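In case you want the letters, here they are:
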Amino acid sequence: MQNSQAEVERKLERNIPILYSYSFFYMFLILIPILVPYFMNLGLSMEDIFIVQASFGVMMALFEIPSAYLGDLWGRKKILLLGSFIHGIGFSLLLWAHDFWSLLIYEMILAIGTSFVSGADLSLLYESSQKGRYEKAKIIGRYQGMHLSGEAVASVVCSLIFVYGYSAVVASQVFVGWIPFILSLFLYEKPVSKIKHESHTQNIIKVFKYIFKGHPYIRLIMINMTFWGLSTFCAVWILQKYWIENGVDKESLGFIWGGLHILAALIAHFTPKIEKLIGRGSALFLIGALPIIAYFLMGSIDGVLGVLVSSLFYIARGINMVVMKETFNHAIEDQFRNTANSISSLLFRLGFFILAPGIGYLIDKNGVDNTLMWLGGFFLIGFIVFMVPVL
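Quick summary incoming for the structure in this document. Predicted model only: the values in this text are computed from it and were never measured. (Residues numbered from 1 in each chain as written. Predicted model: local features only at pLDDT ≥ 70, side-chain atom pairs only at ≥ 80, totals over all residues. Heavy atoms only, no water.)

### Brief notes about a nonpolar patch on the surface
Then, number 1: Where nonpolar side chains cluster on the molecular surface, the patch consists of Phe285, Leu380, Ile381, Ile384, Val385, Val388 and Leu391 and spans about 640 Å² of accessible area.
Then, number 2: Residue contributions to the nonpolar patch peak at four residues, all from helix α17 (residues 368-387).
Then, number 3: Mapped onto the fold, phenylalanine 285 is located in helix α13 (residues 280-300).
Then, number 4: Its relative accessible area of 41% is what places phenylalanine 285 among the partly exposed residues. (Patch = residues over 30% accessible without salt bridge, like charges linked within 9 Å, V, L, I, M, F, W, Y side chains within 5 Å. Areas by Shrake-Rupley, 256 points an atom, 1.4 Å probe, with all protein chains shown as cover. Salt bridge = Lys/Arg side-chain N within 4 Å of Asp/Glu carboxyl O. Helix = DSSP H or I, 4+ residues; strand = E, 2+ residues; numbered from the N terminus. Buried < 20%, exposed > 50% of the residue type's maximum accessible area, 1.4 Å probe, protein only.)

Below, the structure is given as structure tokens:
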């Protein structure tokens, strides 16, 4: 029995480096640093681009909870395999997507795959570690660091490949898009406490009640995790246009993008130590304050200084990815964790779906600077309403 238990623990520990690699290649998004100019090159306006990105959120909203529920019902590995396979198909569609409607279909297929992966990867990682809470926080920090490192390295590769044109970048993205599926074949899942095979509707209602009715603290952390994730994600789709308007050439976008993701990865890696040094309250304050400062500064200054201020979003993102996620996952029971993580992701996608068209419209009509100032005010109100109660 002891040998059997030791073998299970050994297999679980082996999951951790596999999931680190999975995280790296899942976020090896070579196309992302030039996505906005690429879409504009295909004839899309900024409003169109935000609508396309919002469609991703719609599909995530539709599939997020059902896919997560299946993860709690069937197991994490099966869901990761399915999601990674759809993820590969989604990127393959880029070879044929050259207008608004085909890009809309591409984003929607990709969203379905992402909804299956969302929550399952983090749940399996959390359950694979047999260590204490502080060590698990470090593991989550490394995992998120690999997430960001994948984006960083992919950004540099993007700039190097871009000399051969958009088609070379797209082809490379299609190839890399299948690596997560291959890696997911080697994962191991132990028998864990799974959600009971009762009425499926009753089970999902049970999870919602667990979060939103029975545990006010978990509810508040989820709201903040969602809201401050949006504070940096909204900026992502503005930065490329902002940089270009401030004199950055397209060939350099990948290097800047990569540098910022390296910064976020380093912050995520050292966040457990930073949090231990300054305290959780101060870490939470930074998560909310830094994006607000960045929006107001970028909206009021131009040139190199404005580009440098972009780094504040990535510092906040690095801290958020560790502090909020570790706090949330620590508070959730095993049988609810996958669905709970996906409910959080669902709220995030719905939030972006609501905000995105308006942001794109404001940029096209009033310019980037005015839109940044509006967003700064919006998130300042959110800080008072949502963040202050947890400080």
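From this point, the discussion proceeds with the structure in view.
### A word on the environment of arginine 142
Then, number 1: Within the secondary structure, arginine 142 sits in helix α7 (residues 133-161).
Then, number 2: Along the sequence, arginine 142 and threonine 271 sit 129 residues apart, while their C-alpha atoms lie 9.9 Å from each other.

### Observations regarding the packing of α13 against helix α15 (residues 311-331)
A pair of packed helices is characterised by two quantities: the angle between their axes and the separation of those axes.
Then, number 1: Remark: α13 packs on α15, axes separated minimally by 9 Å, with the N-to-C direction vectors making an angle of 150 degrees. When the axes of α13 and α15 are compared, the pair comes out roughly antiparallel. The two elements α13 and α15 cross, and the hand of that crossing is left-handed. Along its contact with α13, which presents Arg280, Ala283, Leu284, Leu286, Ile287, Leu290, Pro291, Ile293, Ala294, Tyr295 and Met298, the element α15 presents Leu312, Phe313, Ile315, Ala316, Ile319, Asn320, Val323, Met324, Glu326 and Thr327.
Then, number 2: Tallied by class, residues from the contact of α13 with α15 come to 17 nonpolar, two polar and two charged. (Axes fitted to C-alpha atoms, helices over the stretch in contact; angles between N-to-C directions. Parallel < 35°, antiparallel > 145°, perpendicular 65-115°, else oblique. Left-handed = near helix turned anticlockwise from the far one by under 90°. Contact = heavy atoms within 4.5 Å. Nonpolar A, V, L, I, M, F, W, Y, C, P; charged D, E, K, R; others polar.)

### Comments concerning the pattern of salt bridges
Then, number 1: Applying the stated criterion across every chain, the model contains three salt bridges.
Then, number 2: For glutamate 151, the salt bridge is made with arginine 317, and the minimal N-O distance between the two is 2.9 Å. One end of the pair, glutamate 151, is in helix α7; the other, arginine 317, is in helix α15, and 166 residues separate them in sequence.
Then, number 3: On the accessibility criterion, glutamate 151 (6% relative accessible area) is buried.
Then, number 4: On the basis of relative accessibility, which here comes to 19%, the residue arginine 317 falls in the buried class.
Then, number 5: The partner of lysine 241 in a salt bridge is glutamate 245, with the nearest N and O atoms 3.5 Å apart. Taken as a pair, lysine 241 and glutamate 245 lie in helix α11 (residues 216-245) at a separation of four residues, close to a single helical turn.

### Here's the deal with the nonpolar core
Then, number 1: Formed by 126 residues in total, the largest nonpolar core has its most connected members in Phe39, Phe50, Trp228, Trp237 and Trp243.
Then, number 2: Of all the elements, α11 adds the most residues to this core, at 16 residues.
Then, number 3: Setting aside chain neighbours within four positions, we find tryptophan 243 in contact with Val248, Leu253, Ile256, Trp257, Leu260, Val307 and Ser310. (Core = buried A, V, L, I, M, F, W, Y, C linked by side-chain atoms within 4.5 Å.)

### Focus: the environment of leucine 347
Then, number 1: Inspection of the secondary structure puts leucine 347 in helix α16 (residues 334-366).
Then, number 2: Along the backbone, leucine 347 and glycine 57 are 290 residues apart, and their C-alpha atoms lie at a distance of 9.5 Å.
Then, number 3: When sequence neighbours within four positions are dropped, the list of residues in contact with leucine 347 reads Phe212, Met222 and Thr226.

### Remarks on the environment of leucine 80
Then, number 1: Its location among the elements puts leucine 80 in helix α4 (residues 76-92).
Then, number 2: Among the residues examined, leucine 80 registers a relative accessible area of 0% and is labelled buried.
Then, number 3: On a C-alpha basis, the gap between leucine 80 and isoleucine 223 in space is 25 Å, while along the polypeptide they are 143 residues apart.

### So, the side chain of glutamine 53
Then, number 1: Along the chain, the position of glutamine 53 falls in helix α3 (residues 46-74).
Then, number 2: Given a relative accessible area of 6%, glutamine 53 falls into the buried group.

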